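# Summary of the model geometry
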Amino acid sequence: MNDSRHRIALGAMMLIAGAGAAIAMIAAGPAAADGCLNSRLARAPFLSSDLDPSRRPVKAPAKPRVPVIMVHGWTGRSTHDRQRRGAFSHLIDMSLIRSNQKLDIPRSLIGSLQLVPGADVYTFDYHDASARWVDDSRIGPALGDAIECLYKQSGQRVIVVAHSMGGLATRFALTDGNRGAKRAGMVSRVVTFGTPQNGSLVAAIAAGAVDAGSKVGGTIVTTNLLATVKLVLSYCGRKSDSGMDKLDGTICGSLGDAGAAFDSEAGRALRYGSSSLRRLNRFPELVELNAIAGDTRIEHNDGGWFKAPFVSTMKTSLAVGDMIVSLGSATDGADSARTGTCKYELNVQRIPEDEIGVRLGLVAESEAARSPLESMNGPCFHTSLMRTAQFTNEALGIVNEDIEGRGSATMKTLMNAWVPSACGHPAGRLKNGILPAIPESHGIVGFGPWHDDRFEADHVAFGDLDGDGGKEAAAMLTCNQGGVAWSQVFTIVGADGRTIDALSLSKISGEQGRDYAWKVTYADRKVHVTWSALRDSDLGCCSTMDLSADFTLAARKIKVAKVRRYTEVPTVQRVLALANGRKPAELRRLAGSEAPAILDLAREYGPLKLDRCFAAQYLEGFDDRPPSDVAEHFGLDDFSDGNFAGGRYCAIRLARGGEIPALLGMEKVAFAKWRVERLLVP
Amino acid sequence: MKGIAGKKAIVAGAVVVLLAFFAAWAFLLSSLLGDGPADRAQVARSVALALETLPSDPQSRMAASSVRSVDKTAAEAVPSGTKIEPVTESWSPEPSGGGTMLIDVSYPDGERASLVAVMVKEDDQWKVLATFPAETATGVE
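The following refers to the structure shown.

Procedures and definitions
- Numbers given for residues are sequential positions, taken from 1 along each chain in its written order.
- Each chain gets a letter, beginning with A, and each ligand a number, beginning with 1, in the order they are written.
- Local features are withheld for residues below a pLDDT of 70 in this predicted model, meaning they are given only at 70 or higher, and side-chain atom pairs are given and counted only at 80 or more; totals for whole chains, interfaces and linings count all residues.
- Water and hydrogen atoms play no part in the side-chain values, which are based on all heavy atoms of the structure.
- We define a salt bridge as a side-chain nitrogen of Lys or Arg found within 4 Å of a carboxyl oxygen belonging to Asp or Glu.
- Every helix listed is a DSSP run of H or I at least four residues long, and every strand listed is a run of E at least two residues long, numbered separately from the N terminus.
- Only protein chains enter the calculation, and the probe is 1.4 Å; a residue is then buried if its accessible area is under 20% of its type maximum, exposed if over 50%, and partly exposed in between.
- Throughout, a disulfide means two cysteine sulfur atoms within 2.5 Å of one another.
- Axis lines are fitted through C-alpha atoms, for helices just across the contact stretch, and the angle between N-to-C directions can take any value from 0 to 180 degrees.
- Our angle categories are set so that under 35 degrees counts as roughly parallel, over 145 as roughly antiparallel, 65 to 115 as roughly perpendicular, and the remainder as oblique.
- Crossing handedness: left-handed means the near helix sits turned counterclockwise from the far one by under a right angle, and right-handed means the same turn made clockwise.
- In what follows, a contact means two residues having at least one pair of non-hydrogen atoms within 4.5 Å.
- Residue type decides the class: Asp, Glu, Lys and Arg count as charged, Ala, Val, Leu, Ile, Met, Phe, Trp, Tyr, Cys and Pro as nonpolar, and the leftover types, Gly among them, as polar.
- When DSSP finds two or more bridges between two strands, those strands count as paired.
- Here the nonpolar core consists of buried residues drawn from Ala, Val, Leu, Ile, Met, Phe, Trp, Tyr and Cys, with membership extended through side-chain atoms lying within 4.5 Å.
- Here a polar contact is recorded for every N or O atom pair within 3.5 Å, except that within protein the pair must consist of a potential hydrogen donor and a potential acceptor, and residues adjacent in sequence are included only if both atoms are side-chain atoms.

## Brief notes about the pattern of salt bridges
Any two side chains of opposite charge can pair, given that their charged atoms come close. Residue and element names in this part refer to chain A. With the rule as written, the count across this model stands at 35 salt bridges over all chains. With its nearest N and O atoms 3.0 Å apart, the salt bridge here joins Asp50 to Arg84. Taken as a pair, Asp50 in the loop between β1 (41–43) and β2 (66–71) and Arg84 in the loop between β2 and α2 (109–113) lie far apart in primary sequence, 34 residues in all. Considered together, Asp50 and Arg84 belong to a single accessibility category, that of buried residues. Notably, a salt bridge pairs Asp136 with Arg132, separated by 3.2 Å at the nearest N-O pair. Sharing partners across several salt bridges, the network here consists of Arg157, Arg189, Glu288, Asp402, Arg429, Asp496 and Arg498.

This is how it looks when you write it as structure tokens:
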């Protein structure tokens, strides 16, 4: 809930403070994506009646760069014009707190989003096809194309704000085959208003597909609930006979022509448990889903069967969600959910013309709003969610936070980043630097000092890798399956906390998969990484291979260049050259106390020449073996020198005085830095 | 002149045929959809009849799910001697095939009630799913 409060505060700040005082703009991205516009996708116009907090018409921000697509619901429209018939175009005039008072917010949700710095607001309208299901080429696939185009043109991941079935159209667009899967990476988040993720109970009841006693979405449908919905359906159906236009934007506007609409392709698909819904894949993990949902509770005291009242358990208030979509369905699978509760008392009335009137009376302190249903458009109702200040503030906060977060990654961003699958653990979002839900003995995945005490000092760098003006984080992701460490994963995380790309260091070294970084530094749009890798014959304690490479980001993919490997060999060759050249002072720096003996060896038997190097701990099964004559002479068959474990021996051929070489014992003292630790002579 | 008159006759004939075709199509469509005013009135009469005759055998007019929802029997809920007067004009169908109708109920103990009956069709018979008291109101609509 803290997140929710934070977002509300942000949303409220946006409403009050206005564009001028809002968060500072980040560097501008590419020019607006006009090439994507078509008969369905339009840039939302700036209406002169949408006013900013200083009551001047909302104007285009200086540098809009993040596409925000508004997608309407079933039988609705998104088009934003002066008629304000679009799902997101009505003025924000409702509140959960004082439902019977009109608010003085002189703009719509679209107008408010146009005030969010960096937001570039588009509408996607499929009204002409909205009786069709989301797989129709004019709905889901067309929305997918729009997302793809806006992403490519702007270079920014798209934000989708969807009402009702618009959320399902988005789900289709992001999950339909390989193309859908690719699109998932082009969308940062989807904000849904009353999207029936599991279908609509009302659609199912309207279709006669649900009887009392059925269990629907975890809720048992009672006779009371069934009768209430049927009562409302029939009432709204009667009102719709007198013309749908009058009912637009009211709850009866959604239900009015229910007989026809619920029997459309979309209406059938929207029923709970429909085969169309079952075929629709769930939102991809990559995309954050923020659900906004109405929670309408209806009570009526005297329902029953003639003189037999309903049993007491059935008299409790009926939870009908936003009247079209249940709360559970609207919030299913969401990463965050913002709900608002509105309580009503239902009254049935006999009006003079011998017709039935249905009124909903709001149950709230000092409020006694009683409206006939066909004029009812309460703040929790399906069609009103985008007019209700608390819900629109939530959406504004989410969008603002997302765009603001695209500036620069911070240490906080990293600690809560989305990370890819690593070390056999699934992808997920870190909490305080750790991937939760991994059982204690099953290993870890994460960033931070809790398992990597050099993290902040050496294993993370911040810099602009993609050239958008903001900083990305380049950090080493540590992971294991419990027990020995696995290779660290070089990870680039964006300002929104999402991993842009990741690459295991062992993929570069090609060694045994336990690579560990020395230092990560950023300069000039490149990250330079130094690290160590365990060779096959290395003990776990002691790596004898060091590497360095430059990492860049191109088209959101990591490119690796200038890979260098460092072993003991250059140092040994330098030692031999100094010995053969009789340079004791310099030799002492590399060979320490063994320098005089090496010089003597060179004088007596030189020049000295490197044969080859091998692991000091000669263990069966490794390729990194000593020459056979050396092994035999020094008894290395079962050699395991505890005092020199982790070092390397190098066989030195003597030009004069013997077939058996001497051995230089080499020890690594720092990154790519070696010295002679011992000399063994025949 | 004769040629022009002949052409007019052909056009007039074509218009008549076209109108007849559209009339037939509209009738057919209306029959198929089954929600024309005539059809609606017929359904309303069936519902009204079911409600009128309910007191003679309340159990047979109780929707299956309602049996579990109340703690009285149908005969207790509608005692013998109860009179139900449906307001046929108030019939409002809902999409699944059910609907609502206003009824005036006189119980044998003298109590009278104005109710809305929520009707469903089970086994091709109209049954009452639930009733809600309908308060008398003015100026609502």
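## So, the state of the cysteines
All names here are of chain A. Tallied over the full model, the rule gives 4 disulfides over all chains. Linked covalently through their sulfurs, Cys423 and Cys479 form a disulfide whose S-S length is 1.8 Å. The S-S bond linking Cys423 to Cys479 shows a torsion near 60°; that makes this disulfide right-handed. Of this pair, Cys423 sits in the loop between β15 (418–419) and β16 (428–429) while Cys479 sits in strand β19 (residues 472–480), and the two are 56 residues apart along the sequence. An identical accessibility class is assigned to Cys423 and Cys479; each is buried. Covalent S-S linkage joins Cys613 and Cys650, the inter-sulfur distance amounting to 2.0 Å.

## Looking at the packing of helix α17 (residues 569–580) of chain A against helix α18 (residues 584–591) of chain A
All names here are of chain A. Look at α17 against α18: their axes get within 9 Å of each other, and the N-to-C directions meet at 150°. In terms of axis orientation, α17 runs roughly antiparallel to α18. The interaxial crossing formed by α17 with α18 has left-handed handedness. Taken together, the residues of α18 that come into contact with α17 (itself represented by Thr571, Arg574, Val575, Leu578 and Ala579) are Glu586, Leu587 and Leu590. Here the residues of the contact of α17 with α18 sort into 5 nonpolar, 1 polar and 2 charged.

## A look at the sheet that holds strand β27 (residues 648–654) of chain A
Residue and element names in this part refer to chain A. Strand order across the open sheet formed by 4 strands is β26-β27-β28-β29, with antiparallel pairing between neighbours. Each having just a single partner strand, β26 (608–615) and β29 (673–680) make up the two edges of the open sheet. Sheet twist, expressed as the average angle between the axes of neighbouring strands with direction ignored, equals 30°. In this sheet, β29 lies alongside strand β28 (residues 662–670) in antiparallel orientation, the contact comprising 7 bridges. The partner of Leu663 across the bridge, within β29, is Leu680. Most of the contacts of α17 go to β26, to which it runs at about 155°, and overall it touches β26, β27, β28 and β29. Against the sheet, helix α19 (residues 595–605) touches β26, β27, β28 and β29, its axis set at about 65° to β29.

## Remarks on the nonpolar core
Across soluble globular proteins, nonpolar side chains show a tendency to be buried alongside one another. Residue and element names in this part refer to chain A. With 105 residues, the main nonpolar core has Val161, Phe193, Trp305, Phe306 and Leu373 as its most contacted residues. Leave out the neighbours within four places in its chain, and Leu373 touches Val232, Tyr235, Cys236, Ile251, Cys252, Val358, Arg359 and Leu360. Counting 41 residues, the second largest nonpolar core, distinct from the first, contains Ala33, Cys36, Val190 and Ala266.

## Re the pairing of strand β23 (residues 526–533) of chain A
Residue and element names in this part refer to chain A. The element β23 is largely enclosed, with a buried count of 6 among its 8 residues. Pairing of strand β22 (residues 516–523) with β23, which is carried by 7 bridges, proceeds in the antiparallel orientation. Among the inter-strand pairings, Ala517 is bridged to a residue of β23, identified as Trp531. Looking at chain direction, β23 and strand β24 (residues 545–554) are connected through 7 bridges and run antiparallel. Looking at the pairing, Val527 lines up with Phe551 of β24.

## Considering the interface of chain B and chain A
With 55 residues of chain B at the interface, the matching set in chain A holds 46 residues. Counting every contact that joins chain B to chain A gives 4 salt bridges. For the salt bridge of Asp109 of chain B with Lys307 of chain A, the shortest nitrogen-to-oxygen distance reads 2.7 Å. Here chain B is connected to chain A by 19 residue pairs in polar contact (both at pLDDT 80 or more). Elements that contribute at least two residues to the side of chain B that touches chain A include exactly α3 (64–67), α4 (74–77), β1 (83–93), β2 (99–106), β3 (112–122) and β4 (125–136) of chain B. Broken down by element, the side of chain B that touches chain A gets its largest block of residues, 9 residues, from β4 of chain B. When its residues are assigned to classes, the side of chain B that touches chain A shows 30 nonpolar, 12 polar and 13 charged. Pairing of strand β12 (residues 336–351) of chain A with β4 of chain B, which is carried by 3 bridges, proceeds in the parallel orientation.

Treat this as a map of the structure, not an account of what it does.
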